[in-house]
2 protein chains.
Amino acid sequence: MKATERRAKKTRLKREAILRSAAAAFRRKGYYGTSMEDISEQLLMTKGSLYYYFHDKEEILFACHDYSLGRVLEKLYEVQKTDMTPSEQLRALIQGLVDVMIDELQGSALALDFSALSEPMLAKIIKKRDEFERGMRAIIVDGVRSGEFRKFDAKLATFFILGAINWISRWYRPEGAFQAKEIGKAYSDLFLTGLANGTLGRG
Amino acid sequence: MKATERRAKKTRLKREAILRSAAAAFRRKGYYGTSMEDISEQLLMTKGSLYYYFHDKEEILFACHDYSLGRVLEKLYEVQKTDMTPSEQLRALIQGLVDVMIDELQGSALALDFSALSEPMLAKIIKKRDEFERGMRAIIVDGVRSGEFRKFDAKLATFFILGAINWISRWYRPEGAFQAKEIGKAYSDLFLTGLANGTLGRG
């Protein structure tokens, strides 16, 4: 690896460490209750070095959302490229989302409120969020069309499962009884069985 | 109505109006980002009158959670008293929760983080929350025992549906396409079909 590459990699890892720590602080104390000092102290950095990576707190909040949405969009593109059935695509996507929630930014960033962002950062995040939700809805619509799923409002179904997944950050503890694999399996089982055709009226 | 009763009723309504307004502000700006001035200004009250009802901001956050948890516990006690099947009980409870989310405190209070509370207020809220979650889990366990539901971890199922419901506050708009009745029906359909026995392996 060349020296410039090594430096770029180091910067990227440092930025991700900052985002992880900041997302945890935002969740604990709220965005407005967290200062740049809180974030730098947690990381044993000087405030000056923190400002080397991010201009202000808002840029950090933006980067948290941008990073997490980037990760879940990657998962979406991955399943879109396959020739799996809508059920299989959703199963893979749900597991991917659970993994991002739990492992990437300690389940924090996706569940953070982004209403504190101002334009144009807000618009960029909403655009990515909408792209993701549209992609997930399209898979559900496909499954309804193919008859694999029963007739169900794809928008409500998407809100339903994303809510369940985003909420994981509120109760998940790394030392707790459930790990990512098990949660992902249980959540896709419940959701896909709920949507499956031929189950109508059983509940 | 006697004068003392009238006064008590007026105080209660006023307190509820404060909680509604405060919960919306907490959701928008975060707990730490909201001041007593923000809350009183929003209500066109003086800060002095606000302090007549609540000693400080923490007491308001406590009262938001206490009020909402009180309402959802009422819904739980209601269905526990009936001789409905676990499915029917869950259906009624989910609709009740959706109603509380949307109508009572503008969907805000139940989804608010309560980690800002200090003891002994924190312990009181956690106790109520735990009582509610235990009650919901017990209904699911009953349904698994009776064979109405398939074998499923009641804790994960409860986290799943509560997440879906609490998330409503993030996307619900009174002027939007979905109303409480429709959301409640869709969410219980998905969840109960997902849990129903005889659907295993269909997803």
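Residues numbered from 1 in each chain as written. Chains lettered and ligands numbered in written order. Predicted model: local features only at pLDDT ≥ 70, side-chain atom pairs only at ≥ 80, totals over all residues. Heavy atoms only, no water.

**Section: the interface of chain B and chain A**
For the record, the criterion: Any two residues whose heavy atoms approach within 4.5 Å are treated as being in contact. Two parts lose some accessible area (1.4 Å probe) when they are put together, and adding that loss for both gives the buried area. Counting of polar contacts relies on pairs of N or O atoms within 3.5 Å, with two restrictions inside protein: one atom must be capable of donating a hydrogen and the other of accepting it, and residues adjacent in sequence are counted only when both atoms are side-chain atoms. Here a helix means four or more residues in a row that DSSP labels H or I, a strand means two or more in a row labelled E, and each is numbered from the N terminus. When residues are grouped by polarity, Ala, Val, Leu, Ile, Met, Phe, Trp, Tyr, Cys and Pro land in nonpolar, Asp, Glu, Lys and Arg in charged, and all others, Gly among them, in polar.
Contacts between chain B and chain A engage 46 residues on the former and 46 residues on the latter. On the chain B side of the contact with chain A, Leu156, Phe160 and Leu190 of chain B bury the most area, a combined 20% of that side's loss. One can count four residue pairs in polar contact (both at pLDDT 80 or more) joining chain B with chain A. Going through the elements one at a time, helix H1 (3-29), helix H5 (86-104), helix H7 (154-166), helix H8 (168-171) and helix H9 (180-195) of chain B are the ones with two or more residues in the side of chain B that touches chain A. Residue contributions to the side of chain B that touches chain A peak at eleven residues, all from H9 of chain B. Looking at the side of chain B that touches chain A residue by residue, the class counts come to 22 nonpolar, twelve polar and twelve charged.

**Side note on the relation of the copies chain B and chain A**
Applicable threshold: The fit set for superposing copies consists of C-alpha atoms from residues with pLDDT of at least 70 in both; the fit itself is least squares.
Least-squares fitting of chain B to chain A yields an RMSD of 0.0 Å, with the transformation described by 0.0 Å of translation along the axis and a rotation of 180 degrees. Here the two chains are linked by the operation of a two-fold rotation axis. Take the interface residues of chain B: 100% of them recur as interface residues in chain A, which is what a same-surface contact looks like.

**Description of the confidence of the model for chain A**
All names here are of chain A. Using the following cut-off: Per-residue confidence from the predictor is reported as pLDDT, a score between 0 and 100.
Averaged over all residues, the pLDDT of chain A equals 89, while 94% of them reach at least 70. Within chain A, helix H7 (residues 154-166) carries the highest mean pLDDT (96), whereas helix H8 (residues 168-171) carries the lowest (86). For this predicted complex, the interface confidence reaches an ipTM of 0.87, while the overall pTM sits at 0.88.

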